[in-house]
Amino acid sequence: GHGGGHEGGHGHEENCAEEHGSGHGGGHGDAGGHGGDAHAAGNGSAAAGTGHGHSSADGKNRHDNRVNSFSIVRDGEITPKKLGAWMQMLGQLKPEHGTIFRIKAILAIKDHPFKHVFHAVMDVSDEDDAGPWAEGEKRVSKIVFIGKSMDQEFLRKGFEAIFEP
């Protein structure tokens, strides 16, 4: 197991700039339709990072041990089957690819009229639909990873691979 569950898992720094919405739409239940346990175990520290990238000039990944974050924004639509497989892979992320403490995403899924909201904290994930995409609105997916020693290149390539060709 992972010790005491969420003690400290939702802690926030006093200067936390994170937006705190109005709850989690039904709480942390099962993960709905896309692959069940879509998250990685970590050590309970979900301190808000400030988004430091970690690619060096020579293109090799430089992993550090600080908690940090990065985000990906991409136009286009996600293939539902590929999304489920990718989420399952994230839930079983190999240690050499880092540790993910938290994921937040708003996703544009093919043939789905609603913005799909996904978030995971440690080993608990939740998915729900937000409002519909407006007529003519550009379908853009956004995902944020917070973790430690994350292999950004690996995660970016995986995210790119779930989109419709």
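Note that this is a predicted model, so its numbers are computed, not measured.

## Here we look at the nonpolar core
Phe145 and Phe159 are the most contacted members of the largest nonpolar core, which has 22 residues in total. For this core, the secondary structure elements donating two or more residues are strand E1 (67-75), helix H1 (80-91), strand E2 (99-107), strand E3 (114-121), strand E5 (140-148) and helix H2 (152-161).

## Regarding the confidence of the model for the protein chain
Taken residue by residue, the protein chain gives an average pLDDT of 73. The fraction at 70 or more is 61%. Here residues 1-60 scores under 50 on pLDDT; set against residues more than four positions off or in separate chains, the count is 100 contacts.

## A few points about the sheet that holds E1
Spatially, E1-E5-E2-E3-E4 is the arrangement adopted by the five strands of the open sheet, whose pairing is antiparallel. Looking at the sheet topology across the chains shown, the edges are occupied by E1 and strand E4 (124-132). Ignoring which end each strand starts from, the neighbouring axes of this sheet average 15° apart. Two strands pair when backbone bridges link them, and E1 and E5 are joined in this way by nine bridges, in the antiparallel orientation.

## What to know about the packing of aromatic side chains
Scanning all chains against the criterion turns up four aromatic pairs. With centroids separated by 5.1 Å and ring planes inclined at 20°, the aromatic side chains of phenylalanine 70 and phenylalanine 145 adopt a geometry described as stacked. With a gap of 75 residues between them, phenylalanine 70 in strand E1 and phenylalanine 145 in strand E5 connect regions that are remote in the sequence. For the pair shown, phenylalanine 70 and phenylalanine 145 are each scored as buried. Seen from their ring centres, tryptophan 86 and phenylalanine 159 are 5.6 Å apart, and the 50° between their planes marks the pair as tilted. One end of the pair, tryptophan 86, is in helix H1; the other, phenylalanine 159, is in helix H2, and 73 residues separate them in sequence.

## Observations concerning the pattern of salt bridges
A complete count under the given rule lists six salt bridges for this structure. Between glutamate 77 and arginine 139 there is a salt bridge whose closest N-O contact spans 2.5 Å. Remark: arginine 139 occurs in the loop between E4 and E5 and glutamate 77 occurs in the loop between E1 and H1; sequence separation between them is 62 residues. Where glutamate 164 meets lysine 110, a salt bridge forms, and the shortest distance between an N and an O atom there is 3.9 Å. Placement of the pair is glutamate 164 in the segment after H2 and lysine 110 in the loop between E2 and E3, with a sequence separation of 54 residues. On the accessibility criterion, glutamate 164 (27% relative accessible area) is partly exposed. Judged by relative accessible area, lysine 110 falls into the partly exposed class, the value being 31%.

Rules used in this analysis
Residues numbered from 1 in each chain as written. Predicted model: local features only at pLDDT ≥ 70, side-chain atom pairs only at ≥ 80, totals over all residues. Heavy atoms only, no water. Core = buried A, V, L, I, M, F, W, Y, C linked by side-chain atoms within 4.5 Å. Buried < 20%, exposed > 50% of the residue type's maximum accessible area, 1.4 Å probe, protein only. Helix = DSSP H or I, 4+ residues; strand = E, 2+ residues; numbered from the N terminus. pLDDT = per-residue confidence, 0-100. Contact = heavy atoms within 4.5 Å. Pairing = 2+ DSSP bridges. Axes fitted to C-alpha atoms, helices over the stretch in contact; angles between N-to-C directions. Phe/Tyr/Trp six-rings, centres within 6.5 Å; stacked < 30°, edge-to-face > 60°. Salt bridge = Lys/Arg side-chain N within 4 Å of Asp/Glu carboxyl O.

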